[in-house]
Amino acid sequence: MPTEPALNGTGNKLCVLIVDDHDVVHWGFRLLFSQQSWVTRCLSARSAEEALGHTKRFEPHVALVDLFEGEESGAEICERLRAQKPAPKVLLISGAGRISKSAARAAGASGFVSKDWSSTEIVRAVRLVGLGKTVFPPQTDRPAFELTDREREVLDLIASGATNREIAGSLYLSPNTVKEHTSGLFRKLEVRNRTEAVQRAQRLGLLA
């Protein structure tokens, strides 16, 4: 877990932006960060557009962005935030999924943390990122869930544009069996359709 560096003489006061679509998460994080002497302001955004608006207006130093944020992935929101001038440092967070270190870095993120971490660990991670450090635990190089070999085969074929009937023919399975594997993929990836599945799998480093 991250270690906490000493502050310099300026105090390193930080403005923190929380980007998540759950009210309970906003309430919890705002309460948590309001108790930190080095946090000058804690902002809340429930969408990418709201996050961009806050970034332009308040210029937060660190954005804590949920990996699965409604219609848009946290990695995509990260890219949009990092394109702002000045750009906040971004720390991705999730309770259900993971993103590979390479994919997170490609999106411009400075780290990834799990909602399973203690409040102290999350606070330290945000502070580290605000001080220009990175937080990439070893486990972020693989997803929290495991796909079966068959699910990976189905995912690869979905990414190639194959229909369920074509997948069934390629893998010598019945269409109903393919549908079951596809439903399992959607559930694990927390998506609603094929396009979202491919996009999220790419973000998580599940596709070449």
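Everything discussed here concerns the structure shown above.
Cut-offs and rules
- Residues numbered from 1 in each chain as written.
- Predicted model: local features only at pLDDT ≥ 70, side-chain atom pairs only at ≥ 80, totals over all residues.
- Heavy atoms only, no water.
- Axes fitted to C-alpha atoms, helices over the stretch in contact; angles between N-to-C directions.
- Helix = DSSP H or I, 4+ residues; strand = E, 2+ residues; numbered from the N terminus.
- Parallel < 35°, antiparallel > 145°, perpendicular 65-115°, else oblique.
- Left-handed = near helix turned anticlockwise from the far one by under 90°.
- Contact = heavy atoms within 4.5 Å.
- Nonpolar A, V, L, I, M, F, W, Y, C, P; charged D, E, K, R; others polar.
- Buried < 20%, exposed > 50% of the residue type's maximum accessible area, 1.4 Å probe, protein only.
- Arc of directions from axis to C-beta.
- Pairing = 2+ DSSP bridges.
- Right-handed = clockwise from strand over helix to strand, strands pointing away.

1. Re the packing of helix 6 (residues 149-159) against helix 7 (residues 164-171)
Running from amino to carboxyl end, helix 6 crosses helix 7 at an angle of 130°, the nearest separation of the two axes being 10 Å. In terms of orientation, helix 6 and helix 7 fall into the oblique class. Viewed along their axes, helix 6 and helix 7 form a crossing whose handedness is right-handed. Within the contact between the two elements, helix 6 uses R150, E153, V154, L157 and I158 and helix 7 uses I167, S170 and L171. Along the lines of polarity and charge, the residues of the contact of helix 6 with helix 7 split into 5 nonpolar, 1 polar and 2 charged.

2. Points about helix 2 (residues 48-58)
Within an α-helix, residues lying three or four positions from one another point in the same direction, as the helix has 3.6 residues per turn. Residues of helix 2 that are buried include every one of A48, A51, L52, H54 and T55, and no others. One side of helix 2 holds all its buried residues, which, seen down the axis, span an arc of 160°. Opposite the packed face of helix 2, turned more than 90 degrees from it, sit the exposed residues E49, K56 and R57. Those residues of helix 2 that are buried lie in contact with strand 1 (14-19), strand 2 (39-45), strand 5 (72-73) and helix 3 (74-82). With its phi angle positive at about 50°, E59 sits one or two positions after the end of helix 2.

3. Points about the pairing of strand 1
Of all the 6 residues making up strand 1, 6 are buried; the element is thus mostly covered by neighbouring parts of the structure. Burial along strand 1 is two-sided: L14, V16 and I18 facing one way and C15, L17 and V19 facing the other are all buried. Where strand 1 lies against strand 2, 6 bridges are found, and the strand directions are parallel. What sits directly across from C15, in strand 2, is R41. As a crossover connection, the stretch from strand 1 through helix 1 (residues 23-34) into strand 2 is right-handed. Here 4 bridges tie strand 1 to strand 3 (residues 62-66), and the two strands are oriented parallel to one another. What sits directly across from I18, in strand 3, is L64.

Functional significance is not addressed by these values, which are geometric in nature.
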